[in-house]
Amino acid sequence: MKVIKVSKQGFCNGVKRALDLVYKTIEENKNNKPIYILGELMNNEFVSNKLDELGVITIKSYGMKRVEMLENIDDGIIILTAHGVSPEVIKILEEKNLKYVDTTCPFIIKTKDIINSYLTNDYDVVYLGKDNHPESEGVIGINPKKIHLITSYDDIDKLNISNDKILITTQTTLRRDHLNIMLEYLMYKYPNSVFKDGVCNSAILRQEALINEITGDLCLVVGDTISSNANELAKIGSRYIPTYLINSIDDIKKEWLIGVKVITLTSAASTPDELTNSIYEYLINLD
Ligand code: SF4
C-alpha cells in the first residue's frame, strides 16, 4: 500500500509543552503525592493510557465542568490542561491549598489577555467557540455576563448587546471557513466591532497542509473522537475523498481498504508521532 504522510501533522508546541510539564511534575514528585490531571490532557486516549501507566490519574469530565471535577479532590498535585481554566478553578485550588501545575497553552493565554484588556475598557466580548468545550468554558468563566458564547447563526440572531463596544474573538480550533461565515454575519449585525483572530496557526497549518496534499483513494486522520482539531481535519478530508478518524490500528475497517491503492495519512495536534508511525508501518506493509 502506498501511504502519503501529510507534511505538517502531529503534536503542536502547546501540546508538547503540556506533556513535558507533566513528565517534569512526575520526576519532581519526590513525596509520591497523587498527581491528577483535571480533564483529558490532550484529547487523546493513547496518551491518557500512557500516563495511567505512570500512575497519573486523569479525572475524566463526563460532561462536568472543571469546577465540579475538583469537588472531591483535597490533596495531591493538580495538572491543569493546555485548554486553560476559568478564574473560579484557580480560586478553588487556592482555597483548598492544592498545588497545581498550569499547562495552559501560551496561545490561549494570549487570547485571554486580549479579552481581559477589552473587558477592562468596558467592552462586551463575543466569543466564537464550541459549547461544552474546556477551552470555551475557561474563557467564558472570566466574565459570564460580558462574554457571549456564539456557536451558530441562531446564537447570533438571539444576541442582544446594547453596548457599542464589542470585541469579537475566537476559540483556537475553529475551522477557518466556519469562522469567516459567522464573522461576516456578526459584522453585519454589529459593524463597529473589533475583531481579534484567536484561531491557532498550528491548527491552520495542519488544515492547509491536508488541503494541499490530500491525494489517493482514502484519507485516515489519526486522532481521538473528542479532539476538536482531529474532527476538523476529518471534515476537511471528507470534502475530497472518503476520510475516517481513527485512534488505533484496530479502528481500521477492512472494507475501507477495498480497491484502495493510495492513502493520505495525517494526524491531529494532540496525536503522538509514535501512534501515527505505528499505523503508517502497518499500512505500508499491507498487500
Ligand atoms: S493547537 Fe494551538 S492552541 Fe491548541 S495547544 Fe496546540 S498550539 Fe496551543
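About the thresholds
Residues numbered from 1 in each chain as written. Predicted model: local features only at pLDDT ≥ 70, side-chain atom pairs only at ≥ 80, totals over all residues. Heavy atoms only, no water. Near = heavy atom within 4 Å. 1 Å grid on protein atoms, 1.4 Å probe; cavity = no way out; pocket = protein on both sides within 12 Å on 5 of 7 lines; lining within 4 Å. Sits in = over half its atoms within 2 Å of the grid points. Nonpolar A, V, L, I, M, F, W, Y, C, P; charged D, E, K, R; others polar. Axes fitted to C-alpha atoms, helices over the stretch in contact; angles between N-to-C directions. Helix = DSSP H or I, 4+ residues; strand = E, 2+ residues; numbered from the N terminus. Parallel < 35°, antiparallel > 145°, perpendicular 65-115°, else oblique. Left-handed = near helix turned anticlockwise from the far one by under 90°. Contact = heavy atoms within 4.5 Å. Buried < 20%, exposed > 50% of the residue type's maximum accessible area, 1.4 Å probe, protein only. Pairing = 2+ DSSP bridges. Right-handed = clockwise from strand over helix to strand, strands pointing away. Expected span 1.5 Å × (residues − 1).

Overview of the site of the ligand
Move 1: The full set of residues close to the ligand is C12, G14, C105, F107, T172, C200 and S202.
Move 2: Comparing atom positions with the cavity grids shows the ligand to sit within the largest pocket.
Move 3: Partitioning the shell around the ligand into residue classes produces 4 nonpolar, 3 polar and no charged.

What to know about the packing of helix α9 (residues 201–213) against helix α10 (residues 228–238)
Move 1: Where α9 contacts α10, the two axes come as close as 10 Å, and the packing angle between them is 20°. Relative to α10, the element α9 is oriented roughly parallel. Regarding α9 and α10, the two cross each other, and that crossing is right-handed. Contact residues: α9 offers R206, Q207, L210 and I211, while α10 offers E232, L233, I236 and G237.
Move 2: Here the contact of α9 with α10 is built from residues that sort into 4 nonpolar, 2 polar and 2 charged.

Concerning the pairing of strand β4 (residues 77–80)
Move 1: Of the two faces of β4, the one holding I77 and I79 and the one holding I78 and L80 are both buried throughout.
Move 2: Pairing of strand β2 (residues 35–38) with β4 involves 4 bridges; the strand directions are parallel. In the strand pairing of β4, I37 is matched with I79.
Move 3: Across 4 bridges, β4 lies against strand β5 (residues 99–102) in parallel orientation. Within the sheet, the bridge partner assigned to L80 lies in β5 and is D102.
Move 4: With respect to chirality, the unit in which β4 leads through helix α4 (residues 87–95) into the neighbouring parallel β5 is right-handed.

Some remarks on α9
Each α-helix turn comprises 3.6 residues. Residues three or four places apart therefore point the same way.
Move 1: When the terminal C-alpha atoms of α9 are compared, their 18 Å separation across 13 residues agrees well with the 18 Å that a helix rising 1.5 Å per residue should span.
Move 2: Every buried residue of α9 is listed here: S202, A203, I204, R206, Q207, A209 and L210.
Move 3: In this structure, the buried side of α9 is in contact with α8 (176–189), β10 (218–222), α10 and β12 (262–267).

Concerning the sheet that holds β5
Move 1: Spatially, the 4 strands line up as an open sheet ordered β3-β2-β4-β5, and their pairing is parallel. Two strands lie at the open edges of the sheet, namely β3 (57–59) and β5, each paired on one side alone. Strand-to-strand, the axes of this sheet are offset by a mean angle of 25°, without reference to chain direction.
Move 2: Sitting on the sheet, helix α1 (residues 13–28) is in contact with β2, β4 and β5, with an inclination near 150° to β5.
Move 3: Along the sheet, α4 makes contact with β2, β4 and β5, crossing β4 at roughly 170°.

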